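Secondary and tertiary structure notes
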Amino acid sequence: MIRLAAATLCRSGRVLLDRVSLALSPGEVLAIVGPNGAGKSSLMKLCTGEFLPQEGHAAFEGRDLSAWDPLELARRRAVVSQKVALTFPMRAVEVAGLGRLPWHGTPAMRRDRAAVAEALSRAGVSALAQRPYALLSGGEQQRVQIARALAQLEAMPRPAALLLDEPTASLDPGHRASLLRLLRALAAEGVAIAIVLHDLNEARFVADRVALLAEGRLLAEGAPDDVLTPGLLGQVYGVGFRAVEGGGLLAEY
Amino acid sequence: MALGLTLPRAAARHPFAAALLLGVCALLAALLAGLLFGPAAVSARAVLALGLDVTGLAPLPADLQREAAVLTVIRLPRALLAAMIGAGLGAAGAVMQGLFRNPLADPGLIGVSAGAGLGAVASIVFAGPLLALAGGKLGLWLMPLAAFAGGLGATLLITRLAQREGATAVATLLLAGVAVNALAAALTGLLIFMADERQARDITFWTLGSIAGARWSQLPVVIALVLAPTLALLRLARPLNALVLGEAEAFHLGLKVERVKRQATVLAAIAVSAGVAFTGLIGFVGLVVPHLVRLAGGADHRLVLPLSALLGAALLVLADLVARSLAAPAELPVGVVTALLGAPFFLWLLRRGGAS
């Protein structure tokens, strides 16, 4: 669905990503992990088409991302960014409703209301629908943004893509678990999902494949058990990791 | 929707339509007031008779000739001009606030006011040689032309300065705006220094704004350069809604962000430059009206843009009515009236936290 081939990204004279090759297929969850500043968000932005690589290629459905019309692209993939602040007071349901903008003027418009209601419910924020977005907590705002992406995703033909940059960052453990389960369900529907995560156990739970980034390079990529090993992680993060019973990992403080 | 407090069921089901209808009524009421009231008495019967005469239904009675003349020669062109220019100021203000994602933004930020001011002042100070150069053909059009060129020129300069690698950085745009505004103000100051007494007085009055110069001959130009771009701005409501989330999110939602930014700035600059070219500077309409609309009806631009245009039009018609009535037969500058109304209202907004 999305393919990066030796993609190099430079911004303001700095190399943020160095010849990264990566593919994302429909129905799979790809977790992107790595230390702060490793280039995870930059990698996301290459996948969304927000940034274009200076060298190499970034393609969506076999077509170079530079050749995609933004609206066409918005009808094939949805994005959840790290933190979204609003300028003007809007209610949560209005924010989620913005996910329907790409479908304005299409037959899918008829389902706008139902799709937004369903998206709010799947993201677990139905009860917050009429509340002002700015007055919600960080985690609640994050879930409203997820609802917006789900409302956008609802009308997409499959395969579609969902790209999330640290969506669990401000969520409590209960909401993290339900988001990760929701992502697994979406993958089962044929959605290609790429997600930036800091919690390696979450990556282990949700991902079919894990990409480990460090200093703008792709260090390892493959099944969670092959990539998330104490040896490799210790080398990348500079802190010891211990495998615990049941397959989890524990950092040694 | 805060508007739907006591509205009937139909209005509650279609809050947008109800709010827009309210705006249309406000504008019609303001236009009617603008026709009826003023230093010379005009009866409602005269307005009605003139309406019948224009539509060819009944000829104008002889005893109403004088009142009809006051309406057609003075009040009607003034009210129409004020309405269109007010609509442009209101809509352009709302669009700039959406585009800059800042509730305090107005077209002045992109150099419209300072640029138009420089053009107007230059045309006053160099009126003699400029008119001679044009062979006496420009006459009363010289100043509007110079002000329009100045406002649009300053905007294009600022947007060009903020371009980098094909993208417009909004922060750079604001800073470039500050610098270009300062430069235009300095050049204006230099021209004022060169001006004689009479010119200096003309300059002062231009910066205070007035609709007293309204004539029928200006209306086609105002329709083309103020009303048309204002209507085009209304089409940007959905894109501006997407931009509420930020530029990256708007792109994710399928928006051609750079194109929308370009369209919004150029259309707003044309509408406001052309408006102030005929009236001089009129402050606070573009700032206060969109705020009022957001307070009453929420932040959805599909409502904010048309309602800002309608209420901006109504406000300027009423402000012009106040300006020509309060000190009759003399006229107050209309910019003074809008600022006198707008500034205290804005302070009240700030205190109650409406601008946070």
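No experiment lies behind these values; they were computed from the predicted model shown.

1. Points about the environment of His 104 of chain A
Looking at the element boundaries, His 104 of chain A is found in the loop between α3 (92–97) and α4 (112–122). Assessed through its relative accessible area of 35%, His 104 of chain A is described here as partly exposed. Excluding residues that lie within four positions of it along the chain, His 104 of chain A makes contacts with Arg 75 and Met 109 of chain A together with Arg 238 of chain B.

2. Regarding the UniProt feature "domain: ABC transporter" (unreviewed entry) in chain A
Residues annotated in UniProt with the feature "domain: ABC transporter" (unreviewed entry) correspond here to residues 2–240 of chain A. Between the end C-alpha atoms of residues 2–240 of chain A the distance is 34 Å, and the span holds 35% helix and 26% strand.

3. Some points on the interface of chain B and chain A
Interface size is often expressed as the accessible area that is lost when the parts come together. With 21 residues of chain B in contact, the opposing surface of chain A contributes 27 residues. Here chain B and chain A share an interface that buries about 2200 Å² over both sides, 64% of which is from carbon and sulfur atoms. Put simply, chain B and chain A have two salt bridges between them. Residue Asp 69 of chain A pairs with Lys 256 of chain B through a salt bridge whose shortest N-O separation is 2.8 Å. At the boundary of chain B with chain A, the tally comes to eight residue pairs in polar contact (both at pLDDT 80 or more). Counting only elements with at least two residues in the side of chain B that touches chain A, the list comes to α4 (65–99), α11 (237–243) and α12 (247–252) of chain B. Here the element with the most residues in the side of chain B that touches chain A is α12 of chain B; it accounts for four residues. For the side of chain B that touches chain A, a count of residues per class yields nine nonpolar, seven polar and five charged.

4. Things to note about a nonpolar patch on the surface
Residues and elements named next belong to chain B. Nonpolar side chains collect at one region of the surface, where Phe 126, Leu 130, Leu 133, Leu 183, Leu 187, Leu 190, Phe 193 and Met 194 lie side by side and expose about 850 Å² of accessible area between them. Looking at the nonpolar patch, the elements with two or more residues in it are α6 (127–133) and α8 (170–194). Per-element accounting of the nonpolar patch gives the leading share, five residues, to α8. The residue Met 194 is located in helix α8 in this model.

5. What about the UniProt feature "transmembrane region" (unreviewed entry) in chain B?
All names here are of chain B. Residues given the UniProt feature "transmembrane region" (unreviewed entry) here are residues 68–96, 108–132, 138–158, 170–195, 266–291, 303–323 and 330–350. This span, residues 108–132, is 80% helix and 0% strand, and a straight line between its end C-alpha atoms measures 32 Å. Annotated as 81% helix and 0% strand, the span residues 330–350 places its first and last C-alpha atoms 34 Å apart.

6. Considering helix α16 (residues 334–351) of chain B
Note on helix geometry: an α-helix contains 3.6 residues per turn, so any two residues three or four positions apart are oriented the same way. Residue and element names in this part refer to chain B. With 18 residues, α16 should cover 26 Å at 1.5 Å per step; its first-to-last C-alpha distance of 26 Å lies within 8% of that length. Inspection of α16 places Val 334, Gly 335, Val 337, Thr 338, Gly 342, Phe 345, Phe 346 and Leu 349 among the buried residues, and these make up the whole buried set. If you follow the buried residues of α16, they end up packed against α9 (197–208), α14 (285–297) and α15 (301–325).

7. Considering the pattern of salt bridges
All names here are of chain A. For the structure shown, the criterion picks out 25 salt bridges over all chains. With a shortest N-O distance of 2.6 Å, Arg 209 and Glu 28 are connected by a salt bridge. Taken together, the residues Arg 209 in strand β9 (residues 209–214) and Glu 28 in the loop between β2 (14–24) and β3 (29–33) connect sequence positions 181 residues apart. Here Arg 209 and Glu 28 have matching classes, each one buried. We note a salt bridge from Arg 63 to Glu 72, for which the minimum N-O separation is 3.2 Å. Residue Arg 63 is classed as partly exposed on the basis of its relative accessible area, which comes to 33%. Given a relative accessible area of 38%, Glu 72 falls into the partly exposed group.

Cut-offs and rules
- Residues numbered from 1 in each chain as written.
- Chains lettered and ligands numbered in written order.
- Predicted model: local features only at pLDDT ≥ 70, side-chain atom pairs only at ≥ 80, totals over all residues.
- Heavy atoms only, no water.
- Helix = DSSP H or I, 4+ residues; strand = E, 2+ residues; numbered from the N terminus.
- Buried < 20%, exposed > 50% of the residue type's maximum accessible area, 1.4 Å probe, protein only.
- Contact = heavy atoms within 4.5 Å.
- UniProt positions renumbered as here; feature names shortened; annotations may be inferred.
- Buried area = accessible area lost by both parts, 1.4 Å probe.
- Salt bridge = Lys/Arg side-chain N within 4 Å of Asp/Glu carboxyl O.
- Polar contact = N/O pair within 3.5 Å; in protein donor to acceptor, adjacent residues only side chain to side chain.
- Nonpolar A, V, L, I, M, F, W, Y, C, P; charged D, E, K, R; others polar.
- Patch = residues over 30% accessible without salt bridge, like charges linked within 9 Å, V, L, I, M, F, W, Y side chains within 5 Å.
- Areas by Shrake-Rupley, 256 points an atom, 1.4 Å probe, with all protein chains shown as cover.
- Expected span 1.5 Å × (residues − 1).

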